[in-house]
Amino acid sequence: MSKMKAITFDYNNMMADYVGKQEGITDKEITSLKEETANAFAMVENGRGKKMMGWTELPYNQDEVVADIIDTARDIKKKFDSFVVLGIGGSALGPMAAFQALCHLRHNELPKSKRKAPKFYVEDNVDPERMKSLLDIIDVKKTMFNVITKSGSTSETMSQYLIIMDLLKARLGNEAKNHVIATTSETKGNLIKIAKQEGLKTYYIPDGVGGRFSELCPVGLLPAAVLGIDIKSLLKGARAMDKLCRKADVRKNPALMAATLQYIAITRKNKNISVMMPYADSLKLMADWYAQLWGESLGKAMNLNGNKVFVGQTPVKALGVTDQHSQVQLYTEGPFDKVVTLIAVENYRDVVTISKGCEDIPDVSFLCGHTMNELITAEMNATEYALTKAERLNNRIVLPEVNAYYLGQLMTFFMMQTAFTGAYLNIDTFNQPGVEEGKNATYALLGRAGYEEKAAELNSRKEKSARYTI
């Protein structure tokens, strides 16, 4: 592992000195927000550990549960060939992002002797073909299922649980309970009741931890530990970044500065799209995890004063170099409505040299002798240059390497940036009323008791017209 240091946030290309006065942000604009910045910092700092900000304490208060998770994971690795997460939203995106980042990119295709951990699957949708395909490739007798839902009323997750538990009981009888671990609320909801009735091993999601902020609690720590990821290092990295984020000086606090720049971009520069573009396949799903964190936290109709504001910034996922060939044309020559964040890696975990050949074709042979590491870095620098030349706001986050420690830092950076940005916007960063409306409508459509009024509302909606259907 590299010497322990912090990831860096390079915001040169957010500034007018680099992208021009028309689009760029000035030091004067940052300074002019001195009072708003102090208020945003204080709102987050004073909220630590309270209400739905229990996630801020996760790097510090889990020694006992971490020890239990490590012991449980060791046992699972000995006994099971597959580990399946049943969950959706934050219950799935965090575990998927950590898996992609920290495990072999072809993990499930490796022989067990090389991967030294079960095969890993995350079932985060209710497409029937997907469930059937999972059951075609796993042996449920050799699979551990981790059902994750805080409420125990998440339709997608509980439908999967019902299918899997029925199958396990049919094949294993009373032993079915030894193939399911529940991760849920300790004090409320349906899954804790079911877990007690069935005698399931259970881990708890703290009351102040919402789904999109849950990767550093048992939601993410158990799957990570089963996969052989060093969860102690993950939390250590989170602590290191958290300490930086407790500095009140915006120029010494990377997440606060990142939030300040995005706030200016949103409210003064009309940048309503945030593009996340990691230059590493290992970090590809970090963009998916970020998309939920940013979109669900900041997209709000009402502010804390009860006024309609309809704020937010649409997150867009991209992958360098892949999406240079699909999206970067839009980013460099399309509307001036985006902030692009590049994620760079200083030291990739492997080096691949480009072989010699095609000496008679200069357009190809110039690559010979270089490494793929050099090529992906050059492509990232070239994209950054093209964006900056076109006066498009962009910034760069740099990881010394991709490991558990720096992933803990990166995820904490984004969570703190989100919290600070929500404080700037004076919104409830941690609720999700727009999601709840869709959930309630689903319950009503499927006849759940207690949702008769919502069903009546749906039944009274205006019928679609054949005139507008071709």
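Residues numbered from 1 in each chain as written. Predicted model: local features only at pLDDT ≥ 70, side-chain atom pairs only at ≥ 80, totals over all residues. Heavy atoms only, no water.

Draft legend 1. Examining the packing of helix α5 (residues 90–102) against helix α13 (residues 284–298) more closely. Running from N to C, α5 and α13 cross one another at 155°; their axes reach a closest spacing of 8 Å. Comparing the axis directions of α5 and α13 gives the class roughly antiparallel. Considering the relative orientation of α5 and α13, their crossing is left-handed. For the pair α5 and α13, contact is made by Gly90, Leu93, Gly94, Met96, Ala97 and Gln100 and by Lys284, Leu285, Met286, Asp288, Trp289 and Gln292, respectively. Of the residues contributing to the contact of α5 with α13, the split by class is six nonpolar, four polar and two charged. (Axes fitted to C-alpha atoms, helices over the stretch in contact; angles between N-to-C directions. Helix = DSSP H or I, 4+ residues; strand = E, 2+ residues; numbered from the N terminus. Parallel < 35°, antiparallel > 145°, perpendicular 65-115°, else oblique. Left-handed = near helix turned anticlockwise from the far one by under 90°. Contact = heavy atoms within 4.5 Å. Nonpolar A, V, L, I, M, F, W, Y, C, P; charged D, E, K, R; others polar.)

Draft legend 2. Quick peek at the pairing of strand β6 (residues 201–204). Two elements, strand β5 (residues 180–184) and β6, share four bridges in a ladder whose sense is parallel. Pairing of Ile181 across the sheet is with Lys201, part of β6. Taking the sense of rotation as the criterion, the β-α-β connection linking β5, helix α9 (residues 190–198) and β6 turns out right-handed. (Pairing = 2+ DSSP bridges. Right-handed = clockwise from strand over helix to strand, strands pointing away.)

Draft legend 3. Seen up close, the sheet that holds strand β11 (residues 338–345). With mixed pairing, the five strands of this open sheet are ordered in space as β1-β12-β11-β7-β10. Strands with a single pairing partner mark the edges of an open sheet, and in this sheet they are β1 (8–10) and β10 (314–317). Neighbour-to-neighbour, the strand axes of the sheet open up by a mean angle of 20°, direction not taken into account. Here four bridges tie strand β7 (residues 273–278) to β10, and the two strands are oriented parallel to one another. Note that in β10 the partner of Ile273 across the bridge is Thr314. Strands in contact with helix α12 (residues 254–267) are β1, β7 and β11; relative to β1, the strand with the most contacts, it is inclined by about 30°.

Draft legend 4. Local environment of the layout of surface pockets. In this structure, the largest pocket occupies an estimated 970 Å³ of space. The wall of the largest pocket is formed by 39 residues, among which Thr154, Gly211, Gln432, Glu436 and Lys439 lie closest to the centre. Of all the secondary structure elements, the ones that give two or more residues to the lining of the largest pocket are α5, α8 (155–172), α13 and α18 (433–445). Sorting elements by how many residues they give to the lining of the largest pocket places α18 first, with seven residues. Of the residues contributing to the lining of the largest pocket, the split by class is 12 nonpolar, 18 polar and nine charged. In this structure, the second largest pocket spans a volume of roughly 800 Å³. Along the wall of the second largest pocket there are 23 residues; nearest its centre are Leu105, Asp281, Ser282, Tyr348 and Asp350. The element best represented in the lining of the second largest pocket is helix α16 (residues 372–389), accounting for five residues. (1 Å grid on protein atoms, 1.4 Å probe; cavity = no way out; pocket = protein on both sides within 12 Å on 5 of 7 lines; lining within 4 Å. Points joined across faces, edges and corners; volume = space filled by probe spheres on them.)

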